[in-house]
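Topology and contacts: notes
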Amino acid sequence: MYSIEVKNLEFGYRESLILKGLTFSVKKGEFVSIIGPNGSGKSTLLKILNNLYRPNDGNILINGKVIEDYKRKDLAKIMGFVPQDTIIDYEFTVEDIVMMGRNPYKGPFQKENREDYKIVDDVMNMTNIFKLKDRLITEISGGERQRVIIAKALAQNPSIILLDEPTSHLDINHQIDVLNLLKKLNSERGTTIILIIHDINLAARYSDDIILLNEGEIIESGNPEDVITAKNIEKAYNLNAAIEINKYTNTVSITPLKLIR
Ligand SMILES: Nc1ncnc2c1ncn2[C@@H]1O[C@H](COP(=O)(O)OP(=O)(O)OP(=O)(O)O)[C@@H](O)[C@H]1O
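Because the structure is a prediction, the values reported are computed rather than measured.

About the cut-offs
Residues numbered from 1 in each chain as written. Predicted model: local features only at pLDDT ≥ 70, side-chain atom pairs only at ≥ 80, totals over all residues. Pairing = 2+ DSSP bridges. Helix = DSSP H or I, 4+ residues; strand = E, 2+ residues; numbered from the N terminus. Axes fitted to C-alpha atoms, helices over the stretch in contact; angles between N-to-C directions. Buried ≥ 20, exposed ≤ 12 C-beta atoms within 10 Å, placed from the backbone. Contact = placed C-beta atoms within 7 Å. Near = placed C-beta within 6 Å. Nonpolar A, V, L, I, M, F, W, Y, C, P; charged D, E, K, R; others polar. UniProt positions renumbered as here; feature names shortened; annotations may be inferred. Expected span 1.5 Å × (residues − 1). Arc of directions from axis to C-beta. pLDDT = per-residue confidence, 0-100.

What follows deals with the sheet that holds strand β10 (residues 217–222). The mixed open sheet is built from six strands, whose spatial order is β6-β7-β8-β3-β9-β10. Lying at the two open borders of the sheet, with one neighbouring strand each, are β6 (79–82) and β10. When strand polarity is set aside, the average angle formed by the axes of neighbouring strands in this sheet is 15°. Two elements, strand β3 (residues 31–35) and strand β8 (residues 192–196), share four bridges in a ladder whose sense is parallel.

Tracing the backbone through its elements, the reader meets Phe-11 in strand β1 (residues 2–11). The exposure class assigned to Phe-11 is buried, which follows from the 22 C-beta atoms found within 10 Å. Between the C-alpha atoms of Phe-11 and Ile-48, which are 37 residues apart in sequence, the distance is 8.8 Å. Contacts of Phe-11, omitting those with residues within four sequence positions, involve Ile-18, Leu-19, Thr-44, Ile-48, Tyr-53, Pro-55 and Asn-56.

Within the structure, the ligand sits among Tyr-13, Ile-18, Gly-36, Asn-38, Gly-39, Ser-40, Gly-41, Lys-42, Ser-43 and Thr-44. Here the shell around the ligand is composed, by residue class, of two nonpolar, seven polar and one charged.

In the numbering adopted here, UniProt assigns the feature "domain: ABC transporter" (unreviewed entry) to residues 4–240. Taken end to end, residues 4–240 has its terminal C-alpha atoms 33 Å apart, with 36% of it in helix and 24% in strand.

Here Ile-218 shows up in strand β10. C-alpha of Ile-218 to C-alpha of Gly-36: the two residues are 182 residues apart in sequence and 9.3 Å apart in space. Sequence-distant contacts of Ile-218, that is, excluding residues within four places in its chain, are made with Leu-22, Phe-24, Ile-211, Leu-212 and Leu-213.

Another aspect to go through is helix α4 (residues 114–126). Counted at 1.5 Å a residue, the expected span for α4 with its 13 residues is 18 Å, and the 18 Å between its end C-alpha atoms agrees. Among the residues of α4, Ile-119, Val-120, Val-123 and Met-124 are the ones counted as buried. For α4, the angular spread of buried residues about the axis comes to 130°, placing them on one side. Exposed residues pointing more than 90 degrees away from the buried face of α4 are listed as Arg-114, Glu-115, Lys-118 and Asn-125. For α4, the secondary structure elements touched by its buried residues are α3 (94–99) and α5 (142–155). Asn-128 lies just past α4 and shows a positive phi near 65°.

An α-helical turn contains 3.6 residues, so a residue and the one three or four places further along point in the same direction. Compared with an ideal rise of 1.5 Å per residue, which puts 18 residues at 26 Å, helix α6 (residues 172–189) spans 25 Å between its outermost C-alpha atoms and is within 8% of the ideal. For α6, the complete set of buried residues consists of Val-178, Leu-179 and Leu-182. Buried residues of α6, seen end-on, are gathered within an arc of 90° and therefore sit on one face of the element. Turned more than 90 degrees from where α6 packs its buried face, Ile-172, Asn-173, Asn-180, Lys-184, Ser-187 and Glu-188 sit exposed. The inward-facing, buried residues of α6 contact α5, β8 and α7 (200–206). Downstream of α6 by one or two residues, Gly-190 has phi in the positive range, about 70°.

Turning to the environment of Asn-50, a few remarks are in order. Secondary-structure assignment places Asn-50 in the loop between α1 (42–49) and β4 (57–62). Taking the number of C-beta atoms within 10 Å as the measure of exposure, Asn-50 has 20 and is therefore buried. Placed 175 residues apart in sequence, Asn-50 and Glu-225 show a C-alpha to C-alpha distance of 28 Å. In this structure, Asn-50 is in contact with Met-79, Phe-81 and Leu-162, ignoring residues within four places of it in sequence.

What follows covers the confidence of the model for the protein chain. Averaged over the protein chain, the pLDDT score is 93; the fraction of residues at 70 or greater is 100%. Scoring of the predicted complex yields 0.93 for pTM and 0.98 for ipTM.

Here is the structure:
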């Protein structure tokens, strides 16, 4: 069973194509990283998978159903999305924001019930933000805000989570905390995880599969050892790199040597 199936996906913001015929699938319960240079189309792809943009061509199935056939609320019950930068100017508390993750389950004017509060408390504990619950979202740090947005996505109780660089604002401890949390959701609840990440070593360490994008095309996809090769890294990043198995993690790891210009 597949969480996501993408066939011949093409997309351009204007005339020029940003995504040039992508075909890939993600099985239920997989942990998949999307990597690639700046501007290669990673965020665009994730937004399309969250039905924020319509592709020019191609098909997307989410849990076996064509994406356009979902109502927004129904899609939000199965798929959580953590965008790259979340700017919230309003003076909501952390708890208010996380509670918004329960909106797909509510009718108009329906109040939060005990179950909603329990789920919100649980996800705030999981993401280590419970102590911030009464603070204003405008008055916490970028890294704290990142974890609040992840908690909001978890409150949707999704079976698929898409995350656009969820570790970008985080210190090294919180990076590992977030990835461990995602891994835990993945192994204990079978949640399908698809994330964009620039750190290739972390991608290799946590992922079942990696999709390497460059200029809107998939250079390679598959398990980390097959994707993170000197040849593929040179092709995508113009970079001469040493690839070896890290003796501590037993996963493939990269050391950049020099740019090829
Ligand atoms: N709203 C937009 N309108 C027009 N062009 C856009 C828009 N958003 C992104 N682009 C362009 O589409 C291309 C792909 O951008 P995208 O953000 O998907 O790349 P990315 O791989 O996520 O990059 P990064 O690693 O820098 O976040 C870039 O050339 C970018 O300039």
